[in-house]
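# Examining the three-dimensional arrangement
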Amino acid sequence: MARGKIAIRRIENPASRQVTFSKRKSGLIKKAKELAILCDAEVLVTIFSSTGRLYEYSSSSMKSIFDRYNEEKEHHQLLTPSSEARLWQTEAERLRQQMDHLQENYRRLKGEELSGMRISDLDALENQLEMRLKNIRTKKEKMLTDEIEELNQKRALIHHENIELSKKITLVQHENRQLLKKGYGAIDIRKEEGSFSGQANSCVPVHVNRSEEDEIRLGLQLQ
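As annotated in an unreviewed UniProt entry, the protein chain carries the name MADS-box transcription factor 23 isoform X1 and is attributed to Nicotiana tabacum. Annotation of the protein chain in UniProt includes, under Subcellular location (unreviewed entry), the sentence "Nucleus".

This is the structure in structure tokens:
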């Protein structure tokens, strides 16, 4: 189910506001750590809560990051348009070189372009690959363990449902037997009533008309 959009405005409920602050703060600091590790960036996060409490994270020395920030800020304030253009050109060249270096490392991780590397570099690359392979295996084992645990929970749930269904089937079968017994009992009663009515009919006297009685006597005389 997709999460619904929430309005970005101040949360009036103090308890909800504190819970949201705690969750968002932890998520922001987590993302800052990931950015610093994945991109080799210097990251500084400073947060003051509504109660004035300070929360902070820095990928390196906080003072060095502040000093660098102040230097960059002063430097940009003193830049002329031409010097600012040269600065951006230098920054673009630095980023291009960094991208080339990352691409080279990527190709080496794939086992390509290894001819110019020294033994020490190959050893470092081998150790790096083994460490990453170990991390991959650990992640894979964790995922398999979670899947097995989930399947075990589903199996236990299905087993419980099967037991409940078996109980219901047994109850229905018992009710059916009771209904059959009641039905056979009614049939027996009807049979007994039918046999009794047959016997009663056999005992009913036969009335013979007077003419029929004379014909019977005449037949006996002729014989």
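### Topic: the overall build of the protein chain
When helices and strands are counted, the protein chain shows five helices and two strands. Listed by position from the N terminus, the elements making up the protein chain come as α-β-β-α-α-α-α. Taking all contacts inside the protein chain whose residues are at least 6 apart in sequence as the whole, residues at least 24 apart take part in 12%. As displayed, the protein chain has an accessible area near 20,300 Å², and 57% of this comes from carbon and sulfur atoms.

### Quick look at the packing of aromatic side chains
Given two aromatic rings, their pairing is described by the distance between the two centres and the angle made by the two planes. One pass over the structure, following the stated rule, counts one aromatic pair. When the ring centre of Tyr55 is taken as reference, the NZ or CZ atom of Lys25 above it lies at 4.6 Å.

### Quick notes on the nonpolar core
Among the nonpolar cores identified, the biggest contains eight residues, and these are Ile29, Ala32, Ala36, Val43, Val45, Ile47, Tyr55 and Tyr57. Listing elements by their share of this core, those giving two or more residues are α1 (14–39), β1 (44–48) and β2 (54–58). Considering every element that reaches this core, the biggest residue donor is α1, with three residues. Sequence-distant contacts of Ile47, that is, excluding residues within four places in its chain, are made with Phe21, Lys25, Leu28, Arg53, Leu54 and Tyr55.

### Some remarks on unusual backbone geometry
The residue Asp40 is not glycine, and still its phi comes out positive at about 50°. Counting through the fold element by element, Asp40 comes out in the loop between α1 and β1.

### Brief notes about the pattern of salt bridges
Within the structure shown, the criterion is met by eight salt bridges. Among the salt bridges present, the one from Lys31 reaches Glu34, with a minimum N-O distance of 3.9 Å. Residue Lys31 and its partner Glu34 are both found in helix α1; the two are separated by three residues, about one turn of the helix. Exposure remark for Lys31: the relative accessible area of 57% places this residue in the exposed category. Given the relative accessible area of 31%, Glu34 is considered partly exposed. With a shortest N-O distance of 3.0 Å, Lys63 and Asp67 are connected by a salt bridge. In this pair, Lys63 and Asp67 are both assigned in helix α2 (residues 62–78), four residues apart and thus about one turn of the helix distant.

### Brief notes about the side chain of Ser49
Tracing the backbone shows Ser49 in the loop between β1 and β2. Engagement of the side chain of Ser49 in a polar contact is seen with the side chain of Thr51, the distance being 2.9 Å. Sequence-distant contacts of Ser49, that is, excluding residues within four places in its chain, are made with Phe21 and Tyr55.

### Here's the deal with the environment of Gly111
Tracing the backbone through its elements, the reader meets Gly111 in the loop between α3 (81–109) and α4 (119–202). For Gly111, a relative accessible area of 47% translates into the label partly exposed. Between the C-alpha atom of Gly111 and that of Leu125, which follows or precedes it by 14 residues, the distance is 9.7 Å.

### Here we look at the pairing of β2
Side chains on a regular strand alternate between the two faces of the sheet. A one-sided burial pattern is seen for β2, the buried positions being Tyr55 and Tyr57 and the unburied ones Leu54, Glu56 and Ser58. Summarising the sheet, β1 and β2 pair through five bridges and their orientation is antiparallel. Residue pairing across strands places Leu44 opposite Ser58, the latter belonging to β2. The antiparallel hairpin formed by β1 and β2 contains five residues in its connecting segment, where Gly52 sits at a positive phi of about 90°.

### Considerations on the side chain of Lys25
Topologically, Lys25 is positioned in helix α1. Salt bridges are absent for the buried Lys25, whose nearest opposite-charge side chain, Glu56, sits at 12 Å. Leave out the neighbours within four places in its chain, and Lys25 touches Ile47 and Tyr55.

### Structural notes on α1
In this model, α1 (26 residues) spans 37 Å end to end at C-alpha, consistent with the 38 Å of a helix rising 1.5 Å per residue. Here α1 has its buried residues at Lys25, Ile29, Ala32 and Ala36. Each element contacted by the buried residues of α1 is listed here: β1 and β2. At the N-terminal boundary of α1, the capping side chain belongs to Asn13, with an oxygen 3.0 Å from the backbone nitrogen of Ala15. Of the residues one or two after α1, Asp40 is the one with positive phi, at around 50°.

Cut-offs used in this document
Residues numbered from 1 in each chain as written. Predicted model: local features only at pLDDT ≥ 70, side-chain atom pairs only at ≥ 80, totals over all residues. Heavy atoms only, no water. UniProt positions renumbered as here; feature names shortened; annotations may be inferred. Helix = DSSP H or I, 4+ residues; strand = E, 2+ residues; numbered from the N terminus. Contact = heavy atoms within 4.5 Å. Areas by Shrake-Rupley, 256 points an atom, 1.4 Å probe, with all protein chains shown as cover. Phe/Tyr/Trp six-rings, centres within 6.5 Å; stacked < 30°, edge-to-face > 60°. Lys NZ or Arg CZ within 6 Å of the ring centre and 35° of its normal. Core = buried A, V, L, I, M, F, W, Y, C linked by side-chain atoms within 4.5 Å. Buried < 20%, exposed > 50% of the residue type's maximum accessible area, 1.4 Å probe, protein only. Salt bridge = Lys/Arg side-chain N within 4 Å of Asp/Glu carboxyl O. Polar contact = N/O pair within 3.5 Å; in protein donor to acceptor, adjacent residues only side chain to side chain. Pairing = 2+ DSSP bridges. Lys, Arg positive; Asp, Glu negative; His and termini not counted. Expected span 1.5 Å × (residues − 1).

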